[in-house]
Every structure is written in structure tokens, then in C-alpha cells.
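Commentary on secondary and tertiary structure
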Amino acid sequence: MNESSLRELGLDLLEDRQFERALAVFAEAVRRVPADHRARMLAARCLAELGERERAVTVYHACAEGLLRRDYLLSAMAACKLGLELAPQERRLRDTLVRLHARASRSAAGRASVPPPLPPETLFDGKVETDLMGMSGEELSDRAIEVLAAPDPGGSANPNDRPPLPLFADLELDVFIDLVTRMGYRAIKAEEVVTAEGGSADCLDVIVAGKAEVTRKVAGEDRTLGFLGGGSIFGELSLLTGTPPTATVTAVVDMEVFELRREHFNAVAKNHPSLPQVLAQFAHKRMERNLTATSPLFQPMPESERAALFQRFAFRALQPGEQVLVEGEHSPGLFLVLAGELVVQKEDPEGGTVRLGVLREGEVAGEISLLTGLRATATVVSSRKTATAFLARAAFHELVKAYPHIQKYLEQLSDRRLKQIGEALRPAEILDADELLETDGQAAS
């Protein structure tokens, strides 16, 4: 039976809660392939379920050290996290977290070198010659710990490299350890929805293992936007602003994720006020990369200049029902939707309102009023919590003066939207085209 088959057998036994038999299978997998740290982690879980908590912690520590040695930093964090749930003050695991953080952190003047690992309290060489699957009871437990607690002999990482660890590497050490200790860790089955479009906005997720599909409703149908693998982070903007997720994330295969829920975030932020700032900076960089790559506003510009343009905008969070443009008033500036949605609506002379369009991520509002100097003839309001990037009127005029090709793009966009708004309204309601507020589902002013 090969390594993959052993693991599948062990998972089946684990699901049936046959923990002793599953322990034998996972330990045998590690005996054959010491680098199989996934099997080590599962074996540690079996030991914990069997009441062998101290041995489970020892195995989690050996697993974390082996993963750290191979620069699998998120998985090493997971092993430490699971071990600390059993023994919150375990010195070995906290030491591994310290070295993991130092391994991942940005190079900085005066940063201390990575401390060496603590010597194991009991030295195991893992050299068990007998197939463990035929053992049970105390004999199995004794032989299994010799295999599972033995160090992984391979995988020496390049000490000059700084392996990526998004977000966590930017935290100060004490914030990092507090966060790892508090946040959740859970397994997700294939086809299970992790985050639902328009749903709860109280969690940031980090994929440790597995794969997820990202979809969004378009014209009533789910459209695939992409796929996420290990190391992917999503939900940071929703956690910061309370805006509902703009897409649905569904597990393609079985997954394991870190969960930073709002209560975890608030508890750590209470002790470490720097956390919200670090998360905000991380979210800002992510939005910058995503929007400058996908929003039509940035497409006329050379790629090298897009980041500088985005820096001109200021972040503005909107509450449900908050008006950004008011019919009959001048636009205060240009709004770029980051998450959430804005509804464009016009007063109907016969009563009520006419809904003209919805603006979503990457779309803009306010440019016609800014370009023409006319008052808006429609209102733009947030339908739910919405995050926007805002460029004030004076800064907008500086922008189009510095980038004439952006002004040309916005003028062409406005022409298209003015024609479409004329088609959306009844003939009796059509005003002079120069005074109409544009929208084609992408922008309004």
C-alpha cells in the first residue's frame, strides 16, 4: 500500500472515529516517508482523541519543526496552533512560532537572527523496523511516538531567502503569537461554501491546504472568477469595513483554513492597537493590485504609473442608505467602488424613483458632473455597507490635467451612459443630454 492509499485509509478510519487504528495507519505512513507531515498532524489528532495529550503535543512540535525546516510556514503555524490548543503555554511550540516569525519577517536593520531550536526533551531516531499497522494498545503508542516525534531528516531551506507569509510577516512578534493563539482553525469539506456573496462580513480566512473556487452572480448565474490555493487570504476588507463579501468562495476539495473572526480581531486589537493598521495596509495593497489590474479607469495608463494614481484616492466607508451623490447638487468628487454596491436612481415626476443602474467593484461614479460642472440629476446611494476610494473635486481636476488619456476615457464613458440613461427613461422625462446623470451599470455623476 503506497503513501496516498495509507492516508486515505487513515482518513476513513478517522471519520469512523476508529482512532487507534487510524493512529497505526498514519504512524506507518510516517515510518515509510518521514516527510509526510500531513500524516504526522493527523496522527497527533488521533493521540489527542485517545487521551495522549502530551504525546500529541510532542508530535505537533516535531511536525512544526519539520515544516519550518522545509519553509512550509503556514502549515508549520497550523501545527503550532493545534498543539497550543492542547497545551496553551507549551514552551517548545512558542519557541517554534518565534523562529517561524523571524524566518518570514521582512529583512530589517537590527533584526535579531533566527534563534536555534530547543533540543528535544526525549531523543527519538524513528528507526522502528516493524510495520505499525499490526500493533495496538500500549505497544502501538510507544512505537508510534518513536516514529512520529523523530525529526524530519530532509529539507534544509536557504537561510538567505525570505519565504512569503502574507499579512502575518508584517506583524510584530507579540501580535503574531497572540493572533495565532486566538484565531480558529477548521476543516472544510469539498463543495462546502466558505464565504457567501452578500453574506456575513465578520471573518478573514487563510487557506492552509486545499483549493477553492471564487464565483459571483452575473445575470442570475454563477460566474467563475478564479481559484484560490494554499496561502490565499480573503475577507480582509469585509472584516475591516463590515461590507458583505462580493463573491462566493466554495471548497473544490477538502480544505483547512485559519479563521480570524471579528471577536478574535477585536480581542487582539485591544491588546495590540497596531493590528488594525497592519490589516488596513495589507487590504489597501491588495485593493491597489486588484483594481489597477482590472478596473477600466486604470487601463489607459502605463502599468508602471497605476499605483501612483491609486495613491491619490482616499478610503471612504459608507453605511447602508448613505448618499454619495444627490440629485440637484454638484458631485463632491469621483467615487471608485472597492466592495459593496451603489444604486443610481432618479426621481420620477409621477412619484417614486426610477432605478437606473447598480455600480459594483471597480466601477466609478461622479465623473460627468465633474467634467461638465453641471448638477447631478440623479441620486447615488449605497444599498449596503460599501467601501469606496474617493477623489475630491480639486484632486480630480489635477488628475485629468496630468493624465489626458484618463479624461478621454471618462468622456467616452459618459457619452455612452448618457445615451443609455435616455433609453432607460420615458421620453417625457428626457432632459437636455448635457444635464443628465450617466449610468450604464458602471458609473454615475
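First, a word on scope: everything that follows refers to the structure included in this document.

What counts, and at which threshold
Residues numbered from 1 in each chain as written. Predicted model: local features only at pLDDT ≥ 70, side-chain atom pairs only at ≥ 80, totals over all residues. Heavy atoms only, no water. Helix = DSSP H or I, 4+ residues; strand = E, 2+ residues; numbered from the N terminus. Contact = heavy atoms within 4.5 Å. Pairing = 2+ DSSP bridges. Salt bridge = Lys/Arg side-chain N within 4 Å of Asp/Glu carboxyl O. Buried < 20%, exposed > 50% of the residue type's maximum accessible area, 1.4 Å probe, protein only. Phe/Tyr/Trp six-rings, centres within 6.5 Å; stacked < 30°, edge-to-face > 60°. Lys NZ or Arg CZ within 6 Å of the ring centre and 35° of its normal.

1. Notes on the environment of cysteine 80
- Here cysteine 80 is to be found in helix H5 (residues 73-86).
- C-alpha separation for the pair cysteine 80 and arginine 94, spaced 14 residues apart in sequence, amounts to 7.6 Å.
- Beyond its immediate sequence surroundings of up to four residues, cysteine 80 is in contact with Ala64, Leu93, Thr96 and Leu97.

2. Regarding the sheet that holds strand S16 (residues 386-392)
- Pairing is antiparallel across the open sheet formed by 4 strands, whose spatial order is S9-S16-S11-S14. The sheet is open, and its two borders are formed by strand S9 (314-318) and strand S14 (364-365), each paired with just one other strand.
- Two elements, strand S11 (residues 333-339) and S14, share 2 bridges in a ladder whose sense is antiparallel. Bridging from a neighbouring strand, phenylalanine 335 pairs with alanine 365 of S14.

3. Overview of the pattern of salt bridges
- The final tally for this structure, using the stated rule, is 23 salt bridges.
- For glutamate 327, the salt bridge goes to lysine 346, with nearest N and O atoms at 3.5 Å. You can see glutamate 327 sitting in the loop between strand S10 (323-325) and S11 and its partner lysine 346 sitting in strand S12 (residues 342-347), a full 19 residues away along the chain.
- Residue glutamate 327 is classed as partly exposed on the basis of its relative accessible area of 26%.
- Lysine 346 gets classed as buried once you look at its relative accessible area, which sits at 7%.

4. Quick look at the packing of aromatic side chains
- For the structure shown, the criterion picks out 6 aromatic pairs.
- Here the aromatic rings of phenylalanine 168 and phenylalanine 176 are separated by 6.4 Å at their centres, their planes lie at 80 degrees, and the arrangement is edge-to-face. With respect to class, phenylalanine 168 is no different from phenylalanine 176; both count as buried.
- Against the face of phenylalanine 390 rests arginine 316, its NZ or CZ located 4.0 Å from the ring centre.

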